[in-house]
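Single-letter residue listing:
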Amino acid sequence: MLVGVIDANESHRRQVAQALVSFYQVATYSTAADAVADLGKRPLCALLVDQSAPPRGGGDFVRLIRSGNLFAGVPIVFTGTGDENTLRHQAAECGADCFLAKPFRRSLLIRAISQQINKTVEKKWEALPAASRRALVGTMDVYNSFSDVVEKGEPVAYAQVLSACGPLVEAVGMQEHKEILASIRSHDNYSYAHSLGTATLLVLFGYAIGLKDPDLSLLGSGGLLHDIGKMSIPYDVLNKADPLTPEELTLVKSHVPLTLQFLGQSAELPKNLLVIAAEHHERLDGSGYPRGLKGSELNELSRMAAIVDVFCAMSERRVYRPAISAEAALSIMVEGMSSQLDQTLLALFREMLLDTGR
Ligand SMILES: [Fe+2]
Ligand SMILES: [Fe+2]
């Protein structure tokens with residue numbers, strides 16, 4: 001998933017590349033000519049063109065693209081400074097798909113690109129039952145806002161997370177989890193899809209063991225937030241097909257302390273939400289990370305989080321492998337991870353998925 005960025009301003013190119021680091025591969029250029037020379041042969045998923053892009057301005061370049069075969073079908077986000085209405089007009093007039101007025105928040109940039117790339121996927125959300133649709137739209141918005149938390153060290157707006165989780169809890173309570181999981185399956189934002197998938201199945205798990213709100217909302221919020229530290233880890237490492245080097249593995253594992261660091265900016269988060277973030281990679285036999293906790297050191301919530309996280313990760317398609325079926329994922333978890341995962345809870349989880357026809 002490659003995004004091209006054309007902007008004469010070096011610091012702006014750097015900021016955009018940093019904002020997108022975990023979501024896409026990014027190639028930046030100071031001129032349109034450099035971009036054409038380099039990107040002509042590479043598959044692009046979106047292009048960001050700045051109004052001032054040399055030599056003749058971004059508008060001219062976008063018009064040129066739209067009148068020929070270059071970058072055919074690639075969505076273009078037009079960026080620039082000044083009055084929003086003028087920029088909107090310039091973007092529409094040259095044939096760009098949308099615009100962003102500088103300075104923009106990280107979350108708006110990610111949202112704009114993701115919306116363009118996932119147009120078809122997100123269009124289908126409109127036909128879903130109301131609670132599922134609200135759950136998807138609300139959690140997508142709040143998930144993107146976490147990128148501002150990561151960038152600026154702002155506290156997580158927990159009230160917003162909770163209000164995005166309300167429709168999720170409601171939809172799962174009405175057995176609409178299958179629609180939600182199916183709706184994110186082909187979304188390109190893997191981190192969002194994984195987080196919402198985890199949130200959805202944690203809530204379903206919560207219902208299955210008899211929990212009620214506010215515990216169900218806590219499970220949903222924990223699922224949405226449990227991996228936000230991954231927003232600082234490069235796309236190429238998160239999506240590497242070959243085995244990770246020891247350094248890359250250390251980097252991937254650092255998403256747990258990074259998540260806790262970001263969540264730590266907010267004093268209002270419930271302790272149990274932090275448990276989900278801190279312990280979803282811990283394993284009963286002590287082989288997990290970051291602390292190597294084992295047995296009774298892991299409470300029911302950590303054990304549930306570990307089961308759901310593993311199941312979701314296996315059930316998701318990756319750049320380098322297709323999704324593993326629910327049945328295959330469950331048998332790997334039962335047969336290959338018996339000392340790592342709580343087998344009583346796993347049996348309950350399995351039964352729950354069978355009952356609800358996941
Ligand atoms: Fe994780
Ligand atoms: Fe995860």
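All of these numbers come straight from a predicted model, not from anything done at the bench.

*Asks:* I'm lost on the nonpolar core in this one. Help?
*Replies:* The nonpolar side chains of a soluble globular protein tend to be buried, and buried together. Phe-146 and Phe-349 are the most contacted members of the largest nonpolar core, which totals 87 residues. The element contributing the most residues to this core is helix H16 (residues 300-315), with 10 residues. Taken together, domain 1 (2-117) and domain 2 (125-356) each give at least three residues to this core, which thus spans both. Contact partners of Phe-146, with chain neighbours within four places excluded, come to Val-156, Val-161, Leu-224, Leu-225, Ile-228 and Met-231. Listed in part, the 24 residues of the second largest apolar core include Tyr-29, Ile-65, Val-74 and Ala-96.

*Asks:* Sorry if this is basic, but what is going on with the domain arrangement of the protein chain here?
*Replies:* Put simply, an interface is often sized by how much accessible area is lost when its parts join up. For the protein chain, the domain assignment lists domain 1 (2-117) and domain 2 (125-356). Between the C-alpha centres of domain 1 and domain 2 the distance comes to 32 Å. A combined buried area of about 1500 Å² lies between domain 1 and domain 2, and 51% of that area is made up of carbon and sulfur atoms. Three residues, Ser-22, Phe-23 and Arg-106, lead the burial of domain 1 against domain 2; their summed loss comes to 38% of the area buried on that side. Here Arg-105 and Glu-154 are joined by a salt bridge, their closest N and O atoms 3.3 Å apart. Summed over the shared surface of domain 1 and domain 2, the result is 8 residue pairs in polar contact (both at pLDDT 80 or more). Looking at the side of domain 1 that touches domain 2 residue by residue, the classes come out as 5 nonpolar, 4 polar and 3 charged.

*Asks:* Would you explain the sheet that holds strand E3 (residues 46-50) in this entry?
*Replies:* Pairing within the open sheet is parallel, and its 5 strands lie in the order E2-E1-E3-E4-E5. In this open sheet, the two edge strands, each paired with only one partner strand, are strand E2 (25-29) and strand E5 (98-101). In this sheet, neighbouring strand axes are inclined to one another by 20° on average, regardless of whether the strands run parallel or antiparallel. Against the sheet, helix H2 (residues 32-39) engages strand E1 (2-6), E2 and E3, with an angle of about 135° to E2.

*Asks:* What should I look at first to understand the coordination of the iron ion (ligand 2) in this one?
*Replies:* Angles at a metal have ideal values that depend on geometry: 109.5 degrees with four tetrahedral donors, 90 or 180 degrees with six octahedral donors. Taken together, His-194 (NE2), His-226 (NE2), Asp-227 (OD) and Asp-309 (OD) make up the full set of protein donors to the iron ion (ligand 2), lying 2.1 to 2.2 Å away. One can describe the donor arrangement at the iron ion (ligand 2) as irregular, given that its 4 donor atoms subtend angles of 85 to 175° at the metal. Summarised as a motif, the one-chain spacing of the donors to the iron ion (ligand 2) is H-x31-H-D-x81-D. Between the iron ion (ligand 2) and the iron ion (ligand 1) the interatomic distance comes to 3.5 Å, and Asp-227 is a ligand of both metals.

*Asks:* Would you mind showing me how to read helix H14 (residues 255-263) here?
*Replies:* Think of an α-helix as 3.6 residues a turn; residues three or four steps apart then line up on the same face. Of all the residues in H14, the buried ones are His-255, Val-256, Leu-258, Thr-259, Phe-262 and Leu-263. For H14, the buried positions fall inside an angular range of 165° around the axis, keeping them on one side. Close packing links the buried residues of H14 with helix H7 (130-152), helix H11 (215-225), helix H13 (246-253) and helix H15 (271-279).

*Asks:* Can you help me understand the coordination of the iron ion (ligand 1) in this one?
*Replies:* Protein coordination at the iron ion (ligand 1) comes from Asp-227 (OD), His-255 (NE2), His-280 (NE2) and His-281 (NE2), with a distance range of 2.1 to 2.2 Å. One can describe the site at the iron ion (ligand 1) as irregular: its 4 donor atoms subtend angles covering 87 to 176° at the metal. Looking at His-255, the relative accessible area reads 1%, which means it is buried.

Definitions and limits used
Residues numbered from 1 in each chain as written. Chains lettered and ligands numbered in written order. Predicted model: local features only at pLDDT ≥ 70, side-chain atom pairs only at ≥ 80, totals over all residues. Heavy atoms only, no water. Core = buried A, V, L, I, M, F, W, Y, C linked by side-chain atoms within 4.5 Å. Buried < 20%, exposed > 50% of the residue type's maximum accessible area, 1.4 Å probe, protein only. Helix = DSSP H or I, 4+ residues; strand = E, 2+ residues; numbered from the N terminus. Domains from an automatic or database assignment. Contact = heavy atoms within 4.5 Å. Buried area = accessible area lost by both parts, 1.4 Å probe. Salt bridge = Lys/Arg side-chain N within 4 Å of Asp/Glu carboxyl O. Polar contact = N/O pair within 3.5 Å; in protein donor to acceptor, adjacent residues only side chain to side chain. Nonpolar A, V, L, I, M, F, W, Y, C, P; charged D, E, K, R; others polar. Pairing = 2+ DSSP bridges. Axes fitted to C-alpha atoms, helices over the stretch in contact; angles between N-to-C directions. Donors = N, O, S within 2.8 Å, 3.2 Å for Na, K, Ca; no water. Tetrahedral: all angles 85-135°; square planar, octahedral: opposite > 155°, others 65-115°. Arc of directions from axis to C-beta.

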